[in-house]
Amino acid sequence: KQEVTQIPAALSVPEGENLVLNCSFTDSAIYNLQWFRQDPGKGLTSLLLIQSSQREQTSGRLNASLDKSSGRSTLYIAASQPGDSATYLCAVKGSYQLTFGKGTKLSVIP
Amino acid sequence: NAGVTQTPKFQVLKTGQSMTLQCAQDMNHNSMYWYRQDPGMGLRLIYYSASEGTTDKGEVPNGYNVSRLNKREFSLRLESAAPSQTSVYFCASSGGGQPYNEQFFGPGTRLTVL
């Protein structure tokens, strides 16, 4: 059974810092990996999707990498802003379903 | 283009009552999903529909039924609600019948069962 782990569970950084969120998964037979953002009381917003054949994807200040063979992904956020404060979820795609990690709660302090 | 919509946003039920959660998408996606999100457990798949006319069980299907009414709509029914079904329910959709497509989520339904 696929298991997804996100470390750390919570992270607090001062505004302007670059930061890395980590995601690991136990079964490398995945189709893709997706990073989401969730604000309190809200739904999930898709940030980046990396296909299994890709190594990384970039969107603005966000860069996600994937090392399928080692079962790891990282989400790099450059020049963090208070508006980046949210919970970040990693999910890996098996056949038709996503398996989610429990998330990293990020707080960016002004 | 509203994306994925869910109704209701909030609901309080008494144990044993029934209700249906509604989900609709306007992105012409083939696949639709129902998840629940619980503190400390993350999101877990309840049921999914890979295409119109098909439904399959996910990780936690017990106590739920689903209907893929048409390509746009996918409903989740609780026949006899239990306190253990207190949760936030999310509907999602993805394009095509391929497993590599991005999933898009609705805003959620917050359900409390007393």
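### A few points about the sheet that holds strand β6 (residues 56-59) of chain A
Residue and element names in this part refer to chain A. In space, the five strands of this open sheet follow the order β1-β3-β8-β7-β6, with antiparallel pairing throughout. Every other strand in the sheet has two partners, leaving β1 (4-7) and β6 as the edge strands with one partner each. Strand-to-strand twist of the sheet, defined as the mean angle between neighbouring strand axes without regard to direction, takes the value 15°. Summarising the sheet, strand β3 (residues 19-25) and strand β8 (residues 72-77) pair through six bridges and their orientation is antiparallel. Residue Ser24 lies in a different strand from β8, and its bridge partner there is Arg72.

### A few points about the side chain of Gln85 of chain B
Looking at the secondary structure, you find Gln85 of chain B in the loop between β8 (74-78) and β9 (87-94). Apart from the residues lying within four places of it in its own chain, the contact partners of Gln85 of chain B are Arg36, Asn62, Gly63, Tyr64, Leu78, Ser80, Leu111 and Val113 of chain B.

### So, the state of the cysteines
Residues and elements named next belong to chain A. Throughout the structure, instances matching the rule amount to two disulfides over all chains. Here Cys23 engages in a disulfide with Cys90; their sulfurs sit 1.9 Å apart. Across the disulfide from Cys23 to Cys90, rotation about the S-S bond amounts to roughly -55°, and the bridge is consequently left-handed. Here the residue Cys23 occupies a position in strand β3, and Cys90 occupies one in strand β9 (residues 86-93), the gap between them amounting to 67 residues. Cys90 carries the same exposure label as Cys23, and that label is buried.

### What to know about the sheet that holds β8 of chain B
Within a beta sheet, neighbouring strands are joined by backbone hydrogen bonds and run either parallel or antiparallel to one another. All names here are of chain B. The sheet built from four strands is open, its strands ordered β1-β3-β8-β7 with antiparallel pairing. Edge positions in the sheet fall to β1 (4-7) and β7 (64-68), since each of these pairs with one other strand and no more. Averaged over all adjacent pairs, the angle separating strand axes in this sheet is 20°, with direction ignored. Two strands pair when backbone bridges link them, and β7 and β8 are joined in this way by five bridges, in the antiparallel orientation.

### A word on the interface of chain A and chain B
Counting residues at the interface gives 22 residues for chain A and 24 residues for chain B. Taking both partners together, chain A and chain B bury about 1,800 Å²; carbon and sulfur atoms supply 53% of that area. Looking at the side of chain A facing chain B, the largest losses of area belong to Leu44, Tyr96 and Phe100 of chain A, adding up to 31% of the total buried there. Inspection of the chain A/chain B interface yields one salt bridge. Across the pair Lys1 of chain A and Glu59 of chain B runs a salt bridge whose closest N-O atoms are separated by 3.3 Å. In this assembly, chain A and chain B are joined by seven residue pairs in polar contact (both at pLDDT 80 or more).

### Quick notes on the packing of aromatic side chains
Going through the model one piece at a time under the given rule, you end up with eight aromatic pairs over all chains. Between Tyr35 of chain B and Phe105 of chain B the ring centres are 5.4 Å apart and the planes differ by 35°, which places this aromatic pair in the tilted class. With Tyr35 of chain B in strand β4 (residues 31-38) and Phe105 of chain B in strand β10 (residues 103-105), the pair connects residues that are 70 residues apart, well separated along the chain. Owing to a relative accessible area of 0%, Tyr35 of chain B belongs among the buried residues under this scheme. Given a relative accessible area of 10%, Phe105 of chain B falls into the buried group. Note on Tyr64 of chain B and Tyr89 of chain B: the rings are 5.9 Å apart at their centroids and 65° apart in plane angle, and the pair reads as edge-to-face. Of the two residues, Tyr64 of chain B is situated in strand β7 and Tyr89 of chain B in strand β9; the sequence distance between them amounts to 25 residues. The exposure class assigned to Tyr64 of chain B is buried, which follows from its relative accessible area of 4%. Taken together, the aromatic side chains of Phe36 and Phe100 of chain A together with Tyr33, Tyr35, Tyr48 and Phe105 of chain B make up a single cluster linked through ring pairs.

Rules and cut-offs
- Residues numbered from 1 in each chain as written.
- Chains lettered and ligands numbered in written order.
- Predicted model: local features only at pLDDT ≥ 70, side-chain atom pairs only at ≥ 80, totals over all residues.
- Heavy atoms only, no water.
- Pairing = 2+ DSSP bridges.
- Helix = DSSP H or I, 4+ residues; strand = E, 2+ residues; numbered from the N terminus.
- Axes fitted to C-alpha atoms, helices over the stretch in contact; angles between N-to-C directions.
- Contact = heavy atoms within 4.5 Å.
- Disulfide = S-S within 2.5 Å.
- Buried < 20%, exposed > 50% of the residue type's maximum accessible area, 1.4 Å probe, protein only.
- Buried area = accessible area lost by both parts, 1.4 Å probe.
- Salt bridge = Lys/Arg side-chain N within 4 Å of Asp/Glu carboxyl O.
- Polar contact = N/O pair within 3.5 Å; in protein donor to acceptor, adjacent residues only side chain to side chain.
- Phe/Tyr/Trp six-rings, centres within 6.5 Å; stacked < 30°, edge-to-face > 60°.

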